[in-house]
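Chain and residue survey
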Amino acid sequence: MSWCWGNSHDELITCMKEHGVIRSSRVESVMRIVDRGHYTKTNPYVDAPQSIGYNVVISAPHLHARALEYLQDHLHEGSKCLDIGSGTGYVAACMALMVGNTGKVIGIEHMEELLQSSIDNISSGHPHLLSNGTLELMLGDGRHGFLDGAPYDCIHVGASSPSVPQALVDQLKPGGRIIMPIGPYEGGQQLEQLDKLSTGIVLRKPLLAVRYVPLTDQHKQWPEQQQQKQNGHHDDEQVQKYPSSDKMLQRKSF
Ligand SMILES: C[S@@+](CC[C@H](N)C(=O)[O-])C[C@H]1O[C@@H](n2cnc3c(N)ncnc32)[C@H](O)[C@@H]1O
(Lines give C-alpha, C1' and ligand atoms only; values in the text may rest on other atoms or scores of the structure.)
Protein backbone atom coordinates (compact mmCIF):
# COMPACT_ATOMS: atom_id res chain seq x y z
CA MET A 1 0.00 0.00 0.00
CA SER A 2 1.46 3.36 -0.97
CA TRP A 3 -1.11 5.53 0.86
CA CYS A 4 -2.18 6.95 -2.47
CA TRP A 5 -5.68 7.95 -3.34
CA GLY A 6 -6.97 10.46 -5.79
CA ASN A 7 -10.04 11.99 -7.30
CA SER A 8 -8.89 10.86 -10.71
CA HIS A 9 -6.72 8.24 -12.31
CA ASP A 10 -4.05 10.85 -13.05
CA GLU A 11 -3.91 11.82 -9.38
CA LEU A 12 -3.45 8.17 -8.37
CA ILE A 13 -0.61 7.66 -10.87
CA THR A 14 1.09 10.93 -9.91
CA CYS A 15 0.98 9.94 -6.24
CA MET A 16 2.46 6.48 -6.92
CA LYS A 17 5.21 8.15 -8.93
CA GLU A 18 5.96 10.61 -6.13
CA HIS A 19 6.15 7.72 -3.65
CA GLY A 20 8.62 5.83 -5.86
CA VAL A 21 6.22 2.97 -6.60
CA ILE A 22 6.26 3.84 -10.29
CA ARG A 23 9.87 4.35 -11.33
CA SER A 24 10.13 4.15 -15.09
CA SER A 25 8.62 6.42 -17.70
CA ARG A 26 7.31 3.40 -19.63
CA VAL A 27 5.31 2.07 -16.71
CA GLU A 28 4.13 5.56 -15.83
CA SER A 29 2.89 6.27 -19.33
CA VAL A 30 1.14 2.92 -19.77
CA MET A 31 -0.56 3.15 -16.37
CA ARG A 32 -1.72 6.69 -17.17
CA ILE A 33 -3.27 5.39 -20.39
CA VAL A 34 -5.18 2.50 -18.75
CA ASP A 35 -7.74 4.16 -16.46
CA ARG A 36 -8.55 1.96 -13.45
CA GLY A 37 -12.04 3.49 -13.50
CA HIS A 38 -12.82 1.24 -16.47
CA TYR A 39 -11.89 -1.84 -14.44
CA THR A 40 -13.61 -1.30 -11.11
CA LYS A 41 -16.48 0.93 -10.13
CA THR A 42 -15.63 0.94 -6.42
CA ASN A 43 -12.86 3.29 -5.28
CA PRO A 44 -10.90 2.97 -8.52
CA TYR A 45 -8.43 5.71 -7.58
CA VAL A 46 -7.52 4.36 -4.14
CA ASP A 47 -4.38 2.25 -3.83
CA ALA A 48 -6.16 -0.76 -2.37
CA PRO A 49 -7.63 -4.00 -3.75
CA GLN A 50 -11.35 -3.89 -4.56
CA SER A 51 -13.81 -6.76 -4.71
CA ILE A 52 -14.80 -7.83 -8.22
CA GLY A 53 -17.08 -10.66 -7.06
CA TYR A 54 -16.48 -14.44 -7.19
CA ASN A 55 -14.37 -14.19 -3.99
CA VAL A 56 -11.57 -12.26 -5.69
CA VAL A 57 -10.31 -8.71 -6.10
CA ILE A 58 -8.68 -6.41 -8.58
CA SER A 59 -5.20 -6.12 -7.08
CA ALA A 60 -4.00 -2.86 -5.57
CA PRO A 61 -2.52 -0.42 -8.11
CA HIS A 62 0.91 -0.48 -6.43
CA LEU A 63 1.12 -4.24 -7.06
CA HIS A 64 0.22 -3.74 -10.71
CA ALA A 65 2.88 -1.04 -10.91
CA ARG A 66 5.52 -3.22 -9.24
CA ALA A 67 4.77 -6.19 -11.49
CA LEU A 68 5.03 -4.05 -14.62
CA GLU A 69 8.29 -2.51 -13.39
CA TYR A 70 9.83 -5.94 -12.76
CA LEU A 71 8.65 -7.19 -16.16
CA GLN A 72 9.27 -4.10 -18.25
CA ASP A 73 12.55 -5.25 -19.86
CA HIS A 74 10.67 -8.35 -21.03
CA LEU A 75 7.70 -6.36 -22.27
CA HIS A 76 9.34 -4.80 -25.29
CA GLU A 77 7.91 -4.30 -28.77
CA GLY A 78 7.20 -7.77 -30.21
CA SER A 79 7.31 -9.69 -26.90
CA LYS A 80 4.97 -12.60 -26.29
CA CYS A 81 3.65 -12.87 -22.72
CA LEU A 82 1.03 -14.51 -20.53
CA ASP A 83 -1.13 -12.94 -17.81
CA ILE A 84 -2.43 -15.77 -15.63
CA GLY A 85 -5.56 -15.00 -13.58
CA SER A 86 -6.27 -11.97 -15.73
CA GLY A 87 -9.31 -10.96 -13.65
CA THR A 88 -10.48 -7.47 -14.67
CA GLY A 89 -7.95 -7.35 -17.51
CA TYR A 90 -6.09 -4.30 -16.12
CA VAL A 91 -2.58 -5.78 -16.18
CA ALA A 92 -3.22 -7.62 -19.43
CA ALA A 93 -4.19 -4.32 -21.10
CA CYS A 94 -1.04 -2.59 -19.79
CA MET A 95 1.13 -5.48 -20.94
CA ALA A 96 -0.49 -5.48 -24.38
CA LEU A 97 0.18 -1.76 -24.83
CA MET A 98 3.82 -2.33 -23.86
CA VAL A 99 4.43 -5.14 -26.37
CA GLY A 100 2.88 -3.13 -29.22
CA ASN A 101 1.15 -4.28 -32.37
CA THR A 102 3.88 -6.79 -33.21
CA GLY A 103 3.65 -8.41 -29.77
CA LYS A 104 1.11 -10.67 -28.15
CA VAL A 105 -0.37 -10.99 -24.68
CA ILE A 106 -2.62 -13.87 -23.70
CA GLY A 107 -4.73 -13.50 -20.56
CA ILE A 108 -6.14 -16.64 -18.95
CA GLU A 109 -8.98 -16.46 -16.44
CA HIS A 110 -10.98 -19.39 -15.08
CA MET A 111 -14.24 -17.59 -14.17
CA GLU A 112 -16.31 -17.09 -17.30
CA GLU A 113 -18.19 -14.12 -15.80
CA LEU A 114 -14.91 -12.33 -15.00
CA LEU A 115 -13.59 -13.10 -18.45
CA GLN A 116 -16.68 -11.50 -19.98
CA SER A 117 -16.40 -8.42 -17.81
CA SER A 118 -12.68 -8.07 -18.63
CA ILE A 119 -13.63 -7.99 -22.32
CA ASP A 120 -16.14 -5.21 -21.56
CA ASN A 121 -13.57 -3.31 -19.46
CA ILE A 122 -10.91 -3.39 -22.15
CA SER A 123 -13.46 -2.59 -24.85
CA SER A 124 -14.41 0.61 -23.05
CA GLY A 125 -10.88 2.03 -23.22
CA HIS A 126 -8.78 0.09 -25.70
CA PRO A 127 -10.93 -2.01 -28.03
CA HIS A 128 -8.16 -2.09 -30.66
CA LEU A 129 -6.09 -4.37 -28.40
CA LEU A 130 -8.74 -7.04 -28.83
CA SER A 131 -9.73 -6.33 -32.40
CA ASN A 132 -6.17 -6.36 -33.75
CA GLY A 133 -5.27 -9.51 -31.81
CA THR A 134 -2.50 -8.00 -29.64
CA LEU A 135 -4.48 -9.18 -26.64
CA GLU A 136 -6.37 -12.46 -26.43
CA LEU A 137 -8.40 -13.38 -23.38
CA MET A 138 -9.12 -17.02 -22.78
CA LEU A 139 -11.10 -19.17 -20.42
CA GLY A 140 -9.08 -21.88 -18.74
CA ASP A 141 -6.98 -23.08 -15.86
CA GLY A 142 -3.96 -20.79 -15.92
CA ARG A 143 -1.82 -23.32 -14.05
CA HIS A 144 -1.45 -25.11 -17.39
CA GLY A 145 -0.36 -21.97 -19.23
CA PHE A 146 -1.11 -22.06 -22.95
CA LEU A 147 1.17 -24.45 -24.78
CA ASP A 148 0.09 -23.43 -28.29
CA GLY A 149 1.49 -19.92 -27.81
CA ALA A 150 4.73 -20.91 -26.04
CA PRO A 151 7.52 -20.04 -25.50
CA TYR A 152 6.92 -16.72 -23.70
CA ASP A 153 9.20 -13.79 -22.94
CA CYS A 154 7.39 -13.17 -19.69
CA ILE A 155 4.59 -14.48 -17.51
CA HIS A 156 2.68 -12.49 -14.91
CA VAL A 157 0.65 -14.47 -12.40
CA GLY A 158 -2.00 -12.50 -10.53
CA ALA A 159 -2.86 -15.15 -7.92
CA SER A 160 -0.74 -17.03 -5.38
CA SER A 161 0.41 -20.61 -5.22
CA PRO A 162 2.62 -22.54 -2.79
CA SER A 163 4.89 -23.39 -5.73
CA VAL A 164 5.41 -22.37 -9.33
CA PRO A 165 3.35 -24.46 -11.76
CA GLN A 166 5.87 -26.48 -13.79
CA ALA A 167 3.96 -25.82 -17.03
CA LEU A 168 4.68 -22.10 -16.67
CA VAL A 169 8.40 -22.72 -16.19
CA ASP A 170 8.43 -25.07 -19.18
CA GLN A 171 6.65 -22.50 -21.37
CA LEU A 172 9.07 -19.66 -20.48
CA LYS A 173 11.80 -18.79 -23.00
CA PRO A 174 15.43 -19.00 -21.90
CA GLY A 175 16.10 -15.40 -20.84
CA GLY A 176 12.44 -14.99 -19.86
CA ARG A 177 10.96 -13.88 -16.54
CA ILE A 178 8.00 -14.87 -14.36
CA ILE A 179 6.60 -12.52 -11.69
CA MET A 180 4.37 -14.41 -9.31
CA PRO A 181 3.23 -14.44 -5.65
CA ILE A 182 4.44 -17.64 -3.99
CA GLY A 183 3.49 -19.04 -0.60
CA PRO A 184 0.55 -20.34 1.42
CA TYR A 185 -2.79 -18.55 1.18
CA GLU A 186 -2.91 -18.09 4.96
CA GLY A 187 0.07 -15.76 4.90
CA GLY A 188 3.80 -15.52 4.35
CA GLN A 189 3.67 -15.02 0.57
CA GLN A 190 6.44 -13.31 -1.38
CA LEU A 191 6.18 -11.75 -4.78
CA GLU A 192 8.97 -13.58 -6.59
CA GLN A 193 10.98 -13.03 -9.73
CA LEU A 194 11.98 -16.19 -11.60
CA ASP A 195 14.56 -15.82 -14.36
CA LYS A 196 15.22 -18.71 -16.73
CA LEU A 197 18.83 -18.77 -17.82
CA SER A 198 20.02 -19.97 -21.23
CA THR A 199 21.05 -23.22 -19.52
CA GLY A 200 17.45 -23.74 -18.41
CA ILE A 201 18.30 -23.13 -14.74
CA VAL A 202 15.75 -20.92 -12.99
CA LEU A 203 16.96 -18.27 -10.54
CA ARG A 204 14.43 -17.24 -7.89
CA LYS A 205 14.49 -13.88 -6.15
CA PRO A 206 12.00 -12.84 -3.45
CA LEU A 207 10.90 -9.25 -4.01
CA LEU A 208 8.34 -8.23 -1.40
CA ALA A 209 5.88 -9.62 1.12
CA VAL A 210 2.38 -9.77 -0.34
CA ARG A 211 -1.01 -11.38 0.13
CA TYR A 212 -2.82 -12.48 -3.02
CA VAL A 213 -5.91 -14.62 -3.56
CA PRO A 214 -5.06 -18.24 -4.46
CA LEU A 215 -4.44 -19.72 -7.88
CA THR A 216 -6.88 -22.55 -7.43
CA ASP A 217 -9.70 -24.67 -8.77
CA GLN A 218 -12.75 -22.82 -10.00
CA HIS A 219 -15.11 -24.71 -7.65
CA LYS A 220 -12.89 -23.98 -4.64
CA GLN A 221 -12.86 -20.27 -5.39
CA TRP A 222 -16.59 -20.07 -6.09
CA PRO A 223 -18.42 -23.04 -4.50
CA GLU A 224 -21.76 -21.32 -5.20
CA GLN A 225 -21.34 -22.07 -8.90
CA GLN A 226 -20.79 -25.74 -8.14
CA GLN A 227 -23.95 -25.67 -6.08
CA GLN A 228 -25.90 -24.13 -8.97
CA LYS A 229 -24.66 -26.86 -11.28
CA GLN A 230 -25.73 -29.53 -8.82
CA ASN A 231 -29.14 -27.88 -8.59
CA GLY A 232 -29.52 -28.30 -12.33
CA HIS A 233 -28.99 -24.71 -13.48
CA HIS A 234 -26.31 -25.98 -15.84
CA ASP A 235 -26.28 -29.35 -17.50
CA ASP A 236 -22.98 -29.82 -19.25
CA GLU A 237 -21.09 -26.60 -18.85
CA GLN A 238 -17.73 -27.84 -17.69
CA VAL A 239 -15.22 -25.07 -18.09
CA GLN A 240 -12.63 -26.31 -20.52
CA LYS A 241 -9.42 -27.23 -18.87
CA TYR A 242 -7.46 -25.79 -21.72
CA PRO A 243 -8.33 -22.77 -23.77
CA SER A 244 -9.13 -23.69 -27.32
CA SER A 245 -9.94 -21.57 -30.31
CA ASP A 246 -13.71 -21.81 -29.80
CA LYS A 247 -13.26 -20.54 -26.26
CA MET A 248 -11.16 -17.56 -27.29
CA LEU A 249 -13.66 -14.90 -26.48
CA GLN A 250 -11.65 -11.88 -27.43
CA ARG A 251 -13.95 -10.75 -30.20
CA LYS A 252 -17.19 -11.78 -28.61
CA SER A 253 -18.37 -8.32 -27.66
CA PHE A 254 -17.75 -6.67 -31.01
C1 LIG B 1 -6.18 -10.97 -7.72
S2 LIG B 1 -7.35 -11.55 -8.85
C3 LIG B 1 -7.23 -10.53 -10.29
C4 LIG B 1 -5.87 -10.20 -10.81
C5 LIG B 1 -5.84 -9.25 -11.98
N6 LIG B 1 -4.45 -8.97 -12.24
C7 LIG B 1 -6.58 -7.96 -11.66
O8 LIG B 1 -5.99 -7.13 -10.94
O9 LIG B 1 -7.72 -7.78 -12.08
C10 LIG B 1 -6.75 -13.14 -9.37
C11 LIG B 1 -7.52 -13.78 -10.48
O12 LIG B 1 -7.02 -15.10 -10.69
C13 LIG B 1 -8.11 -15.90 -11.09
N14 LIG B 1 -7.72 -17.30 -10.90
C15 LIG B 1 -7.57 -18.00 -9.74
N16 LIG B 1 -7.20 -19.26 -9.98
C17 LIG B 1 -7.10 -19.38 -11.34
C18 LIG B 1 -6.73 -20.45 -12.21
N19 LIG B 1 -6.43 -21.67 -11.75
N20 LIG B 1 -6.72 -20.21 -13.53
C21 LIG B 1 -7.05 -18.99 -14.03
N22 LIG B 1 -7.42 -17.95 -13.26
C23 LIG B 1 -7.42 -18.14 -11.92
C24 LIG B 1 -9.27 -15.43 -10.23
O25 LIG B 1 -10.52 -15.76 -10.75
C26 LIG B 1 -9.01 -13.91 -10.24
O27 LIG B 1 -9.69 -13.28 -11.29
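Reading the values: the criteria
Residues numbered from 1 in each chain as written. Predicted model: local features only at pLDDT ≥ 70, side-chain atom pairs only at ≥ 80, totals over all residues. Helix = DSSP H or I, 4+ residues; strand = E, 2+ residues; numbered from the N terminus. Buried ≥ 20, exposed ≤ 12 C-beta atoms within 10 Å, placed from the backbone. Contact = placed C-beta atoms within 7 Å. Axes fitted to C-alpha atoms, helices over the stretch in contact; angles between N-to-C directions. Parallel < 35°, antiparallel > 145°, perpendicular 65-115°, else oblique. Left-handed = near helix turned anticlockwise from the far one by under 90°. Near = placed C-beta within 6 Å. Nonpolar A, V, L, I, M, F, W, Y, C, P; charged D, E, K, R; others polar. pLDDT = per-residue confidence, 0-100. Pairing = 2+ DSSP bridges. Right-handed = clockwise from strand over helix to strand, strands pointing away. Core = buried A, V, L, I, M, F, W, Y, C linked by C-beta atoms within 7 Å.

Section: the overall build of the protein
From N to C terminus, the protein includes 9 helices and 9 strands. Taken across its 254 residues, the protein has 46% of its residues classed as buried. Expressed as a percentage of contacts within the protein between residues at least 6 apart in sequence, the contacts between residues at least 24 apart total 61%.

Some details on the packing of helix α2 (residues 25-33) against helix α4 (residues 90-99)
The N-to-C vectors of α2 and α4 enclose an angle of 125°; their axes lie 10 Å apart at closest approach. When the axes of α2 and α4 are compared, the pair comes out oblique. You can see that α2 and α4 cross each other, and the crossing is right-handed. Residues R26, V30, M31 and I33 of α2 touch α4, and the partners they reach there are C94, L97 and M98.

Side note on the site of the ligand
Residues in close proximity to the ligand total 26 residues, the closest being G85, G87, T88, G142 and G158. Breaking the shell around the ligand down by element, the ones donating at least two residues are β2 (56-58), α4 and β4 (104-109). In terms of residue count, β2 provides more of the shell around the ligand than any other element does, 3 residues in total. For the shell around the ligand, the per-class residue count stands at 13 nonpolar, 10 polar and 3 charged.

Quick look at the confidence of the model for the protein
On average, residues of the protein score 90 in pLDDT, and 88% of them are at 70 or above. Taken as a whole, residues 233-254 scores under 50 in pLDDT and shows 41 contacts with residues more than four places along the chain or in a different chain.

Considering the environment of I13
Residue placement: I13 occurs in helix α1 (residues 9-18). Here I13 is in contact with I22, E28, M31 and R32, once residues within four sequence places are set aside.

Examining the pairing of β4
Within β4, 6 of the 6 residues are buried, which leaves it mostly tucked inside the rest of the structure. Bridge count for strand β3 (residues 80-84) against β4 is 5 bridges, and the pairing is parallel. Residue pairing across strands places C81 opposite V105, the latter belonging to β4. In this fold, β3 hands off to α4, which returns the chain to β4; that crossover is right-handed. Examined bridge by bridge, β4 and strand β5 (residues 135-139) share 5 bridges and lie parallel to one another. When the bridges of β5 are listed, V105 appears paired with L135.

Remarks on the nonpolar core
Core analysis: the biggest nonpolar cluster contains 67 residues, and C81, A93, C94, M95, A96, L135 and I155 have the highest contact counts within it. Broken down by element, this core gets its largest block of residues, 10 residues, from α4. When residues no more than four places from it in sequence are discounted, the contact partners of C81 are L75, M95, V99, V105, Y152, D153, C154 and I155.

A few points about the sheet that holds β3
Across a sheet, paired strands are connected by hydrogen bonds in the backbone, their directions being either parallel or antiparallel. In space, the 7 strands of this open sheet follow the order β5-β4-β3-β6-β7-β8-β9, with mixed pairing throughout. Both edges of this open sheet fall to β5 and β9 (202-210), since each of them pairs with a single strand only. Neighbour-to-neighbour, the strand axes of this sheet turn through a mean angle of 15°, independent of strand direction. When strand β8 (residues 189-196) meets β9, the two strands line up antiparallel, connected through 8 bridges. If you follow Q189 over to β9, its bridge partner there is V210. Against the sheet, α4 contacts β3, β4, β5 and β6 (152-157), and its axis sits at roughly 170° relative to β4. The strands that helix α5 (residues 112-125) touches are β4 and β5; relative to β5, the one it contacts most, it runs at about 160°.

Things to note about α1
Along α1, the positions that sit buried rather than exposed are L12, I13, C15, M16 and K17. Buried residues along α1 sit against α2 and α3 (61-71). Residue G20 follows α1 closely and has a positive phi angle near 80°.

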